[in-house]
Amino acid sequence: MNWPLEAFLSFLAAGAFGVIFNTPRRTLISCGLVGMSGWLIYRTFFLVFEDSVQASFAGAFVVSIVAHLLAKKFRMPMIIFSIAGIIPLVPGSKAYNAMRNIVEHNYLEAIAFASEALMISGAVAMGLVFAEVLMQLFFKRQAKRIQRKMGLTQE
Amino acid sequence: MTQIGETRRELALDCFLLAGRIMMESGAETYRVEDTMIRMAVSQNMVNSHCFVTPTGIMFSPSEELATRFVRINNRSTDLERVALVNSVSRKLVAGEYTVQQAYDELLIIDQTNYRFNIWLQILAASVASGCFLILLGGSWIDLPFAFVFGGIGFIIVETILEETRVKIFAEFIGSFVVGILASIAVYTGFATDLDTLIIGSIMPLVPGLLITNAVRDLMAGHFVSGLSKGAEAFLTAFAIGAGIAVVLSF
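Remember, predicted model here, so these are calculated numbers, not experimental data.

All names here are of chain B. For the structure on display, the rule yields 15 salt bridges over all chains. Among the salt bridges present, the one from Glu-233 reaches Lys-168, with a minimum N-O distance of 3.4 Å. Taken together, the positions of Glu-233 in helix 10 (residues 224-249) and Lys-168 in helix 7 (residues 168-188) put the pair 65 residues apart, joining distant regions of the chain. On the basis of relative accessibility, which here comes to 16%, the residue Glu-233 falls in the buried class. In the salt-bridge network here, residues are joined through shared partners; they are Arg-21, Glu-25, Arg-82 and Asp-111.

Here it is in structure tokens:
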């Protein structure tokens, strides 16, 4: 696969979704970067383990972490950064294939595709939530440490 | 004196509800809306406030003696710029940089201003996204111009029908139906090569990504009512897109 091309295309796609969702102008490039990192992690995982469910989980996890860091940096809601990054991971082709097989009366194959699409969307959701909980734990601990330090210096 | 206190509290309530309504209409997560409203209320000494946000209405009870207020949310779209702006206003109010009056005026301006990108720029973005996804999903370069054009056309159709009728499922059905027909024509006349990737790439701008993510995050945060209803909305959208394509493919 062609890494620079995929990186560029996913950057462009996530940025374009940023325009459709009307993200604030100065965060458009960051949105593109979130989408790019999510897609590249997804592809790498897919090439190594050949399992799109795990790869989607990893991609969504990274998207969520990067979005969280950017949200802290820009002081804006995290949703602004995570949404454009999630779109490339949505199992559009699986859902399409399921639909196509239903129309062609291949119901067994359709069920296989549909359950795969369901698994992938579940994995994306789990990746998002896991990363968020981890980041919350991390930042809570960090905030406590800072508070303790300030308490010590005041005394 | 109590009269003044009364009007001040009324103004504060208007301010919170307006902030909540703008955020909900612009596609923020339910738990963030509740969090923002409660934070604003606490900063105005309404410690015992309760707030219940659903995708179609917001209830806010400031305290035990004051009356509970309700606003209806009629149309929801995605406009993350407004979410960010309301968020910054609420941050400033909580930090004490704004008075309630200033915050309310600011929110009124946000409510009335149109922050959207130019519609042609949005269509261009939809086209670019379609083209990018076609290549990312393994389509051939020959199909690229078709995905570019069809993605834009699908987006235009959905936006125009939405403006005319406000029935989302119908707009998405027609949009994906037209995309499916155009893609089939392009493939059967021999200009394009792969029907599957062409269709998937072209309908990508219509995929309800925001709704799915929001639904899951609301469910995880314990907001089952809004999580389920947003999930239903996402499912309906996906169903409309799928049905539009299925009708074309069944011929």
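And the narrative resumes.
All right, on to unusual backbone geometry then. All names here are of chain A. In the Ramachandran plot, Glu-50 falls in the positive-phi region, its phi being about 55 degrees despite a non-glycine side chain. The residue Glu-50 is located in the loop between helix 2 (28-49) and helix 3 (52-74) in this model. Judged by its relative accessible area of 65%, Glu-50 falls in the exposed class. Even without being glycine, Arg-75 reaches a positive phi, approximately 55 degrees. Of note, Arg-75 is situated in the loop between helix 3 and helix 4 (79-86).

All names here are of chain A. A surface patch of positive charge is lined by Lys-140, Arg-141, Lys-144, Arg-145 and Arg-148. Turning to its location among the elements, Arg-141 is positioned in helix 6 (residues 107-154). Accessibility expressed as a relative area gives 59% for Arg-141, which makes it exposed.

On to the interface of chain A and chain B, then. With 40 residues of chain A at the interface, the matching set in chain B holds 48 residues. Summed over both partners, the interface of chain A with chain B buries about 4000 Å², with 76% contributed by carbon and sulfur atoms. The largest contributions to the chain A side of the interface with chain B come from Ile-20, Asn-22 and Tyr-96 of chain A, which together make up 16% of the buried area. Arg-25 of chain A is the partner of Glu-81 of chain B in a salt bridge, and the nearest nitrogen-oxygen pair spans 3.2 Å. In this assembly, chain A and chain B are joined by nine residue pairs in polar contact (both at pLDDT 80 or more).

A few words on the UniProt feature "domain: Threonine/serine exporter-like N-terminal" (unreviewed entry) in chain B. The UniProt entry lists residues 16-251 of chain B under the feature "domain: Threonine/serine exporter-like N-terminal" (unreviewed entry), expressed in the numbering used here. With 68% helix and 6% strand, residues 16-251 of chain B has end C-alpha atoms that lie 53 Å from one another.

A separate point is the UniProt feature "transmembrane region" (unreviewed entry) in chain B. As annotated by UniProt and renumbered to match this structure, "transmembrane region" (unreviewed entry) occupies residues 119-138, 144-162, 169-191, 197-216 and 228-249 of chain B. A distance of 31 Å separates the end C-alpha atoms of residues 228-249 of chain B, which is 100% helix and 0% strand.

Residue and element names in this part refer to chain A. UniProt annotation of "transmembrane region" (unreviewed entry) refers to residues 6-21, 28-49, 55-71, 78-97 and 117-139 when read in the numbering used here. For the annotated span residues 55-71, helix accounts for 100% and strand for 0% of the residues, and the straight-line distance between the end C-alpha atoms is 24 Å. From the first C-alpha to the last, residues 117-139 spans 33 Å; its make-up is 100% helix and 0% strand.

Quick look at the sheet that holds strand 1 (residues 50-54) of chain B now. Residues and elements named next belong to chain B. Taking strand neighbours across the sheet as the criterion, the three strands line up as 1-2-3 in an open arrangement whose pairing is antiparallel. Edge strands, defined here as strands with exactly one partner in the open sheet, are strand 1 and strand 3 (69-72). Neighbour to neighbour, the strand axes of the sheet diverge by 10 degrees on average, direction disregarded. Across four bridges, the pairing between strand 2 (residues 57-61) and strand 3 is antiparallel. The partner of Met-59 across the bridge, within strand 3, is Phe-70. The sheet strands contacting helix 2 (residues 30-43) are strand 1 and strand 2, and the helix crosses strand 1 at an angle near 155 degrees.

The rules we used
Residues numbered from 1 in each chain as written. Chains lettered and ligands numbered in written order. Predicted model: local features only at pLDDT ≥ 70, side-chain atom pairs only at ≥ 80, totals over all residues. Heavy atoms only, no water. Salt bridge = Lys/Arg side-chain N within 4 Å of Asp/Glu carboxyl O. Helix = DSSP H or I, 4+ residues; strand = E, 2+ residues; numbered from the N terminus. Buried < 20%, exposed > 50% of the residue type's maximum accessible area, 1.4 Å probe, protein only. Patch = residues over 30% accessible without salt bridge, like charges linked within 9 Å, V, L, I, M, F, W, Y side chains within 5 Å. Areas by Shrake-Rupley, 256 points an atom, 1.4 Å probe, with all protein chains shown as cover. Lys, Arg positive; Asp, Glu negative; His and termini not counted. Charge placed at Lys NZ, Arg CZ, Asp CG, Glu CD. Contact = heavy atoms within 4.5 Å. Buried area = accessible area lost by both parts, 1.4 Å probe. Polar contact = N/O pair within 3.5 Å; in protein donor to acceptor, adjacent residues only side chain to side chain. UniProt positions renumbered as here; feature names shortened; annotations may be inferred. Pairing = 2+ DSSP bridges. Axes fitted to C-alpha atoms, helices over the stretch in contact; angles between N-to-C directions.

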